[in-house]
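# Fold and contact review
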Amino acid sequence: MLLMTVASYGQTAKQVLDKAASVVSNKSGVTASFTLKGGQMNDKGTISIKGKKFHATTPDAIIWFDGKTQWTYVKKNDEVNVSTPNESQLQALNPYNFIYMYKKGYTYMMTKKSNGYEVHLTATDKKRSVQEMYITVNKSTYIPSQIRVKHSKGWNTIEVSNFKKANLSDGIFRFNSKDFPKAEVIDLR
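## Describing the overall build of the protein chain
Looking only at helices and strands, one finds 3 helices and 12 strands in the protein chain. The C-alpha atoms of the protein chain give 17 Å as radius of gyration, which agrees with the globular expectation for 189 residues (16 Å, within 12%). If one aligns the C-alpha atoms of the protein chain with their principal axes, the spans along those axes are about 65 × 35 × 25 Å. Counting every position in the protein chain, which comprises 189 residues, the buried fraction comes to 47%.

Next comes the structure, spelled out in structure tokens:
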């Protein structure tokens, strides 16, 4: 009976994540504001997401990701770094990247909070770049409001606010050199 209770509790956590993923992966896109804290990072900005693509803006940088290639414009250096990020790098930059990660290779545990749910994910493979993650989800809207991610150097916490559905064009997820004609482009792939 205990095993059956644990199994149904895990299904509930997965159902919460499935509903949150459905909200975040709106076909037209979504936008939000975020605050990132952890280690030496302390940043805030805005993010636009459409499927696996995202565009983030902070006071120090602008990031474009088209689902494969990432362009990071570093304002103080007037340079653009081009890369192909791994799972951990994507999670650090896109708080909602968990919607693609949780379906394979993680176990779930969930606790109820006053205004929602907190789902704890633990990697089943020690080689995963993200070993642990906590996702706080609003119980009425299923909008994730906080994501805490464990990396090799500690925990990062991402607070999310002003979540809205949006109609985003695919062009905003790719770097356009015409917008930054003097920027030095450095290909790190």
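## A word on the packing of aromatic side chains
The final tally for this structure, using the stated rule, is 8 aromatic pairs. Considering the side-chain rings of F54 and F65, the 5.5 Å spacing of their centres and the 35° angle between planes classify their relative orientation as tilted. Of this pair, F54 sits in strand β3 (residues 53–57) while F65 sits in strand β4 (residues 61–65); the two residues are 11 residues apart in sequence, bridging distant segments of the chain. Their ring planes at 40° and their centres at 4.4 Å tell us that Y73 and F180 sit as a pair that is tilted. Of this pair, Y73 sits in strand β5 (residues 70–74) while F180 is found in the loop between β11 (154–165) and β12 (184–187), placing the two residues 107 residues apart along the sequence. Here the two residues Y73 and F180 agree in accessibility, since each one is buried. Above the face of the W155 ring, R148 is positioned so that its terminal group lies 5.5 Å from the ring centre.

## Some thoughts on the pairing of β3
Pairing of strand β2 (residues 41–50) with β3 involves 5 bridges; the strand directions are antiparallel. In the sheet register, S48 faces β3, and the bridge partner there is H55. What sits between β2 and β3 in their antiparallel hairpin is a turn of 2 residues, with G51 showing a positive phi close to 65°. As defined by bridge partners, β3 adjoins β4 across 4 bridges and the pair is classed as antiparallel. Residue pairing for β4: F54 is matched across the bridge by F65. Counted along the chain from β3 to the antiparallel partner β4, the turn is 3 residues long.

## Quick word on the pattern of salt bridges
As enumerated under the stated definition, the model contains 8 salt bridges in all. Measuring nitrogen to oxygen at the nearest pair gives 3.0 Å for the salt bridge that ties D18 to K14. Taken together, the positions of D18 and K14, both in helix α1 (residues 2–24) and 4 residues apart, correspond to about one turn of that helix. The exposure class assigned to D18 is partly exposed, which follows from its relative accessible area of 30%. Looking at K14, the relative accessible area reads 33%, which means it is partly exposed. A salt bridge links D170 to K50; the shortest N-O distance between them is 3.1 Å.

Calculation notes
- Residues numbered from 1 in each chain as written.
- Predicted model: local features only at pLDDT ≥ 70, side-chain atom pairs only at ≥ 80, totals over all residues.
- Heavy atoms only, no water.
- Helix = DSSP H or I, 4+ residues; strand = E, 2+ residues; numbered from the N terminus.
- Rg over C-alpha atoms; globule rule 2.2 N^0.38 Å.
- Buried < 20%, exposed > 50% of the residue type's maximum accessible area, 1.4 Å probe, protein only.
- Phe/Tyr/Trp six-rings, centres within 6.5 Å; stacked < 30°, edge-to-face > 60°.
- Lys NZ or Arg CZ within 6 Å of the ring centre and 35° of its normal.
- Pairing = 2+ DSSP bridges.
- Salt bridge = Lys/Arg side-chain N within 4 Å of Asp/Glu carboxyl O.

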